[in-house]
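Residue strings, one per chain:
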Amino acid sequence: MQAEPNADVQTYCSILTSDYPELAITSATIVPEGLDNVTVLVNDTYIFRFPRPEYQGTPYFTEIRALELLDRCHVAPVPRVLFVGKHTQYIGYAKLSGV
């Protein structure tokens, strides 16, 4: 399942629950900011980033690895990727406090 360019929040929730049925979604909103991703805030706890169509195909692997390396430096809080899309491209992590 792939999100369409103008998909609504329900489409993104369907993708997430298809990949992670144990994720009980009680609320979800699309965050209006974002240049190369559509960002969805789920349960006011998790951030999910889906690439916009013109950026699809650019893997998140490099970003995931960079976040892991930055986390080891302990300089500032860094998101820890908890979810990686199984059937479509996205990543998800716990929302950082204060953000």
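Treat the numbers as computed from the prediction; the structure is a model and nothing was measured.

*Asks:* I'm lost on the pattern of salt bridges in this one. Help?
*Replies:* Close approach of charged atoms lets side chains of opposite charge pair. Within this structure, the stated rule accounts for 4 salt bridges. Across the salt bridge formed by R80 and D71, the nearest N and O atoms sit 2.9 Å from each other. We classify R80 as exposed; its relative accessible area is 54%.

*Asks:* What is the right way to read the pairing of strand β3 (residues 46-51) from this model?
*Replies:* In summary, the side chains of a regular strand alternate between the two faces of the sheet. Taken across its 6 residues, β3 has 5 buried, putting it largely inside the fold. When strand β2 (residues 37-42) meets β3, the two strands line up antiparallel, connected through 6 bridges. Bridge assignment links N37 to a residue of β3, and that residue is P51. The hairpin formed by β2 and β3 contains 3 residues between the paired strands, and N43 there has a positive phi angle of roughly 55 degrees. Pairing geometry for β3 and strand β5 (residues 91-94), over 4 bridges, is antiparallel.

Calculation rules
- Residues numbered from 1 in each chain as written.
- Predicted model: local features only at pLDDT ≥ 70, side-chain atom pairs only at ≥ 80, totals over all residues.
- Heavy atoms only, no water.
- Salt bridge = Lys/Arg side-chain N within 4 Å of Asp/Glu carboxyl O.
- Buried < 20%, exposed > 50% of the residue type's maximum accessible area, 1.4 Å probe, protein only.
- Helix = DSSP H or I, 4+ residues; strand = E, 2+ residues; numbered from the N terminus.
- Pairing = 2+ DSSP bridges.

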